[in-house]
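Structural overview for review
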Amino acid sequence: MDEVVLFNPGDSIGNFHDYHEAVQTAQIYQARHTDSGHVLVVKSEKGEPSFDIFLAESQLNNGQTGHAASEKYRISKKL
């Protein structure tokens, strides 16, 4: 999936340097919080490889793109 999204980094459930660890943690989180909706593993657009986990509902929409704390991420996996 090649989709760029905006999130506030403070809304991240977790930050990982290993993709597989991030996916595993996201799967565990989703299993424990079945009412949370979609869980996304995203890759930071800056610097060294870094993967964050966010809830899809935390995504900032186009009206919030000017938000000072927003960062661009590329979706790696949607659960």
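Everything here concerns the structure above.
These numbers come from a predicted model, not from an experiment.

Along the chain, D52 falls in strand 4 (residues 51-55). Within the structure, D52 has its side chain in polar contact with the side chain of N15 (distance 3.0 Å). Aside from chain neighbours lying at most four places away, what touches D52 is S12, G14, N15, L40, V41, V42 and Y73.

In sheet architecture, strand pairing relies on hydrogen bonds along the backbone and comes in two forms, parallel and antiparallel. What the five strands build is an open sheet, ordered 1-5-3-4-2; its pairing is antiparallel. Where the open sheet ends on each side, the last strands, each with one partner, are strand 1 (4-7) and strand 2 (14-16). Each adjacent strand pair in this sheet contributes to an overall mean axis angle of 45 degrees, direction not counted. Pairing analysis gives five bridges linking strand 3 (residues 39-44) to strand 4, with the strands arranged antiparallel. By the bridge assignment, K43 is partnered in strand 4 with F51. Where helix 1 (residues 19-32) meets the sheet, it contacts strand 2, strand 3, strand 4 and strand 5 (71-78), and its direction lies at approximately 155 degrees from that of strand 3.

Further remarks concern the environment of P9. Structurally, P9 can be placed in the loop between strand 1 and strand 2. When the C-alpha atoms of P9 and S44 are compared, they prove to be 9.9 Å apart, with 35 residues separating the residues in sequence.

On to the packing of aromatic side chains. Applying the stated criterion to the full structure yields four aromatic pairs. Among the aromatic residues, ring-to-ring pairing joins F7, F54 and Y73 into one connected group.

This part is about the pairing of strand 3. Of all the six residues making up strand 3, five are buried; the element is thus mostly covered by neighbouring parts of the structure. Hairpin connection of strand 3 to strand 4: six residues between the antiparallel strands, including G47 at a positive phi of 60 degrees. Summarising the sheet, strand 3 and strand 5 pair through five bridges and their orientation is antiparallel. For L40, the partnering residue across the bridge sits in strand 5 and is K78.

What counts, and at which threshold
- Residues numbered from 1 in each chain as written.
- Predicted model: local features only at pLDDT ≥ 70, side-chain atom pairs only at ≥ 80, totals over all residues.
- Heavy atoms only, no water.
- Helix = DSSP H or I, 4+ residues; strand = E, 2+ residues; numbered from the N terminus.
- Polar contact = N/O pair within 3.5 Å; in protein donor to acceptor, adjacent residues only side chain to side chain.
- Contact = heavy atoms within 4.5 Å.
- Pairing = 2+ DSSP bridges.
- Axes fitted to C-alpha atoms, helices over the stretch in contact; angles between N-to-C directions.
- Phe/Tyr/Trp six-rings, centres within 6.5 Å; stacked < 30°, edge-to-face > 60°.
- Buried < 20%, exposed > 50% of the residue type's maximum accessible area, 1.4 Å probe, protein only.

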